[in-house]
Amino acid sequence: MAYFPMFIELKNMPCLVIGGGAVAVRKVQVLKEFEAEVTVLSEQFVPALEERTDIVKIKKSFERSDLSGFFLVVAATDDVILNRSISEECKKRNIFVNVVDQQEDCGFIFPSYLKRGEVVAAFSSGGKSPALSKRLKQIMEENIPEETEDAAEFLGRLRERVKREIDNPLGRKQFYEKLLDMILSEHRLPEEHVVAAWIEEWRKS
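Residues numbered from 1 in each chain as written. Predicted model: local features only at pLDDT ≥ 70, side-chain atom pairs only at ≥ 80, totals over all residues. Heavy atoms only, no water.

Some details on the overall build of the protein
Stage number 1. Helix and strand counts for the protein stand at seven helices and seven strands.
Stage number 2. Its C-alpha atoms give the protein a radius of gyration of 22 Å, more than 25% over the compact-globule value 17 Å for 205 residues.
Stage number 3. Looking at the protein as a whole, 35% of its 205 residues are labelled buried.
Stage number 4. Taking the average place of the 30 positive charges on the side chains of the protein and the average place of its 35 negative ones, the gap between the two points comes to 3 Å. (Helix = DSSP H or I, 4+ residues; strand = E, 2+ residues; numbered from the N terminus. Rg over C-alpha atoms; globule rule 2.2 N^0.38 Å. Buried < 20%, exposed > 50% of the residue type's maximum accessible area, 1.4 Å probe, protein only. Lys, Arg positive; Asp, Glu negative; His and termini not counted. Charge placed at Lys NZ, Arg CZ, Asp CG, Glu CD.)

Topic: helix 6 (residues 169-186)
Stage number 1. For helix 6, which comprises 18 residues, the first-to-last C-alpha distance of 26 Å matches the rise-based estimate of 26 Å (1.5 Å per residue) to within 8%.
Stage number 2. Within helix 6 the residues assigned to the buried category are Gly171, Phe175, Leu179, Met182 and Ile183. Buried residues in helix 6, looked at end-on, bunch into an arc of 100 degrees, giving them a common side. Facing away from the buried side of helix 6, by more than 90 degrees, are the exposed residues Pro169 and Asp181.
Stage number 3. Against the buried residues of helix 6 lie helix 5 (148-165) and helix 7 (192-203).
Stage number 4. The opening residue of helix 6 is Asn168, an N-cap whose side-chain oxygen sits 3.0 Å from the backbone nitrogen of Leu170.
Stage number 5. Two residues or fewer after helix 6 comes His187, characterised by a positive phi angle close to 55 degrees. (Expected span 1.5 Å × (residues − 1). Arc of directions from axis to C-beta. Contact = heavy atoms within 4.5 Å. Polar contact = N/O pair within 3.5 Å; in protein donor to acceptor, adjacent residues only side chain to side chain.)

Distances and angles like these do not, on their own, reveal function.
Laid out in structure tokens, this is it:
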């Protein structure tokens, strides 16, 4: 089954990880990289979780009522039956749920991904081969330009200006293509006078 590649904003969203072991550590790290508000629930926590000060830790056994108020849940216990029951309850409540190593119980999966600032590329094999997804990530990582993050920030700052000054959608497209070609070939951002000249060129076209 192919998963739909939906990108969602997790910043400040309440997310719950159930389980306190090494797998939970990895899932917490991913969620925090995308600025989620993370709560971890478990009867025991490994040191890597105990030491974190940027998450909420609840030391207890899981109850269904613990799911209330969460946008996303990760079931990362070592109990297959418990993980499945968590998944079933989440689906009843329309909560996004991931169950570690139990693909059939997942409502979403964690892909292999590359993050360069706000530029994110994700890879999935539909759960069939994590090794393939990781290899594709490695290939992309070896080839992605160093300027990617800076280019995204730069183009983001230009967006409203270009939209305002270049009325023609085709002209805007060609402007961005030329700008990106320059950035990626010369490995630098253009100076203001170059940007202004190009905007004027396509504004008149």
